[in-house]
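Summary of the model geometry
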Amino acid sequence: MLVVRPHPGQLVTTGVKFLTPVGHGLRDLAQLAQRRLTALEERYRSQLAAGKKRPDRMEIAPKLQALETEAHELFEAESYAEAEKKCIEMIALDHASVPAYRLLGEVYVATKSYKEAREVYRFLLKLNKQDDDALAHLGTIASQQGNLAEAKEDLIGALAINKEAASNHLQLCEIYRELGEYTNAVHECQEAVRLEPNNPKMIDALLGAALLAKDKPTAWSALDQLKNVNPENQKL
């Protein structure tokens, strides 16, 4: 049974075999997360092997949408344990609910439960090997943990799937900068600016990378572009 504690002393149960430690603190939540995700993966595999049909989406769609809305609102309010509970409720309705897993990953990243977050995004990749968003998140997690080589590999993989994600180009630029690969950093920032030519953040990153690479023509060009889109920039 799923046991949650939305308020001290109050128990709510559903027919799903997961335990959500609402009220126990984020540390307890993180410790139990991997067991839940492993159970979810085993359930998903066993249902596929048994040839069971996935739930009728027309029947469950309104409930899923309502839960997703609630989960996002709770996440934005930083009520992470409650948001996690809503994600699990979504998964109870549809064990392959991609939106539920995506938000669950965001919850674990926000609470710095990186091990659990990696499990979520790896599971999403098992559902869809071409999930560039999951790969990019794995890169973000690796970067935050100081694993720059792994982060670089994940982001290159994400961009191989989808080259039009400006934020991923920017993140890869930052990783190249930290690795001292300044020419590669310039290239990635140029791609980010190509995709979002009026975004001061992208242009500023290109300027910084070009200066590190001692690429004066690119630096002057980026400076001119930055003046046009953000004349109030204090750096100018």
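Counting restarts for each chain: residues are numbered from 1 in the order of the written sequence. Predicted model: local features are reported for residues with pLDDT of at least 70 only, side-chain atom pairs are reported and counted for 80 or more only, and whole-chain, interface and lining totals are derived from all residues. Excluded from the side-chain calculation are hydrogens and water; included are all heavy atoms of the structure.

The subject of this paragraph is the overall build of the protein. A run of H or I in DSSP becomes a helix once it reaches four residues, and a run of E becomes a strand once it reaches two; helices and strands are each numbered from the N terminus. For the protein, the helix and strand inventory stands at 11 helices and 2 strands. N-terminal to C-terminal, the α/β element order of the protein is β-β-α-α-α-α-α-α-α-α-α-α-α. Note on areas: Shrake-Rupley, 1.4 Å probe, and residue coverage restricted to the protein chains presented here. Accessible surface, the protein as shown: approximately 12800 Å² in total, 50% of it carbon and sulfur.

Within the secondary structure, L179 sits in helix α8 (residues 166-179). Among the residues examined, L179 registers a relative accessible area of 36% and is labelled partly exposed. Note on exposure labels: buried denotes an accessible area under 20% of the residue type's maximum, exposed denotes more than 50%, and partly exposed covers the range between, all computed with a 1.4 Å probe on protein chains only.

Let us now look at α8. Taking 1.5 Å per residue, 14 residues should reach 20 Å; α8 reaches 20 Å between its end C-alpha atoms and fits that length. Of all the residues in α8, the buried ones are A166, N168, H169, L170, Q171, L172, C173, I175 and Y176. Buried residues along α8 sit in contact with α6 (132-144), α7 (148-161), α9 (182-195) and α10 (200-213). Residue count minus one, scaled by 1.5 Å, sets the expected span of a helix. Contacts: residue pairs with any heavy atoms within 4.5 Å of one another.

Time to look at the packing of α8 against α10. Packing of α8 against α10 brings their axes to within 11 Å, and their N-to-C directions diverge by 25°. When the axis of α8 is compared with that of α10, the two are roughly parallel. Between α8 and α10 the crossing geometry is left-handed. Here A166, S167, L170, C173 and R177 of α8 lie close against α10, whose contacting residues are K201, M202, A205, G208, A209 and L212. Residues are grouped as follows: Ala, Val, Leu, Ile, Met, Phe, Trp, Tyr, Cys and Pro are nonpolar; Asp, Glu, Lys and Arg are charged; every other residue, Gly included, is polar. Classifying every residue of the contact of α8 with α10 by side-chain character gives 7 nonpolar, 2 polar and 2 charged. Under this scheme, a helix contributes an axis fitted over its contacting stretch, all axes are lines through C-alpha atoms, and angles between N-to-C directions fall in the 0 to 180 degree range. Any angle that falls under 35 degrees is termed roughly parallel, while one over 145 is termed roughly antiparallel, one within 65 to 115 roughly perpendicular, and all others oblique. With the far helix as reference, a near helix turned anticlockwise by less than a right angle produces a left-handed crossing, and one turned clockwise produces a right-handed crossing.

Here we come to the side chain of Q171. With respect to the element layout, Q171 can be found in helix α8. Look past the residues within four positions of Q171 in its chain and what remains in contact with it is A136, G139, T140, S143 and L155.

This part is about the state of the cysteines. Cysteine sulfur pairs qualify as disulfides if the two atoms are within 2.5 Å. Inspection of every chain in the model, using the stated rule, returns 1 disulfide. The disulfide partner of C173 is C189, and the S-S distance across this bridge is 2.3 Å. With the S-S dihedral at roughly -75°, the linkage between C173 and C189 falls on the left-handed side. Taken together, the residues C173 in helix α8 and C189 in helix α9 connect sequence positions 16 residues apart. Judged by its relative accessible area of 0%, C189 is buried.

All right, on to the confidence of the model for the protein then. Looking at the protein, the pLDDT average stands at 83 and 75% of residues meet or exceed 70. Scored below 50 in pLDDT, residues 1-31 makes 64 contacts in the model with residues more than four places away or belonging to other chains. The predictor attaches a confidence to each residue, called pLDDT, with possible values from 0 through 100.

Not every positive phi belongs to a glycine, and E78 is a case in point at roughly 65°. Considering the arrangement of structural elements, one finds E78 in the loop between α2 (57-76) and α3 (80-93). Residue classification places E78 among the exposed residues on the basis of a relative accessible area of 57%. For K112, which is not glycine, the phi dihedral falls at a positive 60°.

Between its terminal C-alpha atoms helix α4 (residues 98-110) stretches 18 Å, which fits the 18 Å expected from 13 residues at 1.5 Å a residue. Every buried residue belonging to α4 is among A100, Y101, L103, L104, G105, V107, Y108 and V109, and all of these are buried. Of the residues flanking the end of α4, it is K112, one or two places downstream, whose phi is positive at about 60°.

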